[in-house]
Amino acid sequence: MMRLIAGLDPVPDTIRGAVVAIGNFDGVHRGHQKLLAAAQAQAKRQARPWGLVTFEPHPRTWFKPDEPVFRLTPEPLKARLAAALGASFMVVLRFDQALSDLTPEAFVTRHLVERLGAAHVVMGYDFHFGKGRKGSPATMAELGRGMGFGVTIVEQVTDEGDQHSPFSSSSIRQALRHGHVEAAARELGYRWTVLGQVVRGDQRGRTIGFPTLNIVLE
């Protein structure tokens, strides 16, 4: 069973020393899946558990609350997908002023080294972290050498034969906005899914022979 660790909750000893994949992972699309597969393979080689470190709310939503990001996979759905892909845990860091003010070095020291004792970190080629997004993949590799953990950078992932269309959460959102659900599904690697609470509606559907479920969404 996957462990969900929220905010600054204690990290169990069984998770310390794990292989950690870090990113926003909104959509857990085919590019993310390649990254998570790399983390899983590294964990198998080292005989360690592996899991995710991710952020809520989405950093872009925190910086621009009047323009919230259209979320493909809110936290509960992201957790389900991560578990289905074999992750042992998911650490959800609350993105707030305190987190955004941490320098790249302070972020890595506090959350990856001191809290998680990460043995290896896997991240995407375009992931940035720390105050002002100054932390890059090269920064993480340098910090890993100095702090004693390995680093794997996963390069851009595209459809076979198409080197110009990388899988991205932004392009999936755009496809869904325009009703192109098949295109979104190709990038996601699964049919886009919504998750929410079913509530009682006006029961109009049954009057025309089509009972429906009313689901509360963000």
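No experiment lies behind these values; they were computed from the predicted model shown. (Residues numbered from 1 in each chain as written. Predicted model: local features only at pLDDT ≥ 70, side-chain atom pairs only at ≥ 80, totals over all residues. Heavy atoms only, no water.)

Asks: Help me get a handle on the overall build of the protein, residues and values and all.
Replies: Each helix and strand in the protein was counted, giving eight helices and eight strands. Computed over its C-alpha atoms, the radius of gyration of the protein comes to 19 Å, within 12% of the 17 Å expected for a compact globule of 218 residues. For the protein, restricting intrachain contacts to residue pairs at least 6 apart in sequence, the fraction spanning at least 24 positions comes to 70%. Of the roughly 12,400 Å² of accessible surface on the protein, a fraction of 52% belongs to carbon and sulfur atoms. For the protein, the distance from the average site of its 26 positive side-chain charges to the average site of its 21 negative ones is 4 Å. (Helix = DSSP H or I, 4+ residues; strand = E, 2+ residues; numbered from the N terminus. Rg over C-alpha atoms; globule rule 2.2 N^0.38 Å. Contact = heavy atoms within 4.5 Å. Areas by Shrake-Rupley, 256 points an atom, 1.4 Å probe, with all protein chains shown as cover. Lys, Arg positive; Asp, Glu negative; His and termini not counted. Charge placed at Lys NZ, Arg CZ, Asp CG, Glu CD.)

Asks: Give me unusual backbone geometry: which residues, what numbers.
Replies: With omega at -5 degrees, the peptide bond leading from E56 into P57 counts as cis. With respect to the helices, strands and loops of the structure, P57 is situated in the loop between β3 (50-56) and α2 (59-63). For F25, which is not glycine, the phi torsion reads 55 degrees and is therefore positive. In this structure, F25 sits in the loop between β2 (19-22) and α1 (30-46). Accessibility expressed as a relative area gives 3% for F25, which makes it buried. Of note, Q203 is a non-glycine position whose phi angle comes to about 60 degrees, a positive value. Looking at the secondary structure, you find Q203 in the loop between β7 (197-199) and β8 (214-216). Take Q203: its relative accessible area is 32%, and that puts it in the partly exposed class. (Buried < 20%, exposed > 50% of the residue type's maximum accessible area, 1.4 Å probe, protein only.)

Asks: So, helix α3 (residues 75-84): which residues are in play, and what are the values?
Replies: Within the sequence span of α3, burial applies to E75, L77, K78, A79, L81 and A82. Looking at the packing, one finds that the buried side of α3 touches β1 (3-6), β3 and β4 (89-94). Within two residues after α3, G86 carries a phi angle of roughly 105 degrees, on the positive side.

Asks: Talk me through the confidence of the model for the protein; I want residue IDs and the actual numbers.
Replies: In this model, the protein carries an average pLDDT of 93, and 98% of its residues clear a pLDDT of 70 or more. Averaged pLDDT values for the elements of the protein fall to 87 in β8 and rise to 98 in β2. (pLDDT = per-residue confidence, 0-100.)

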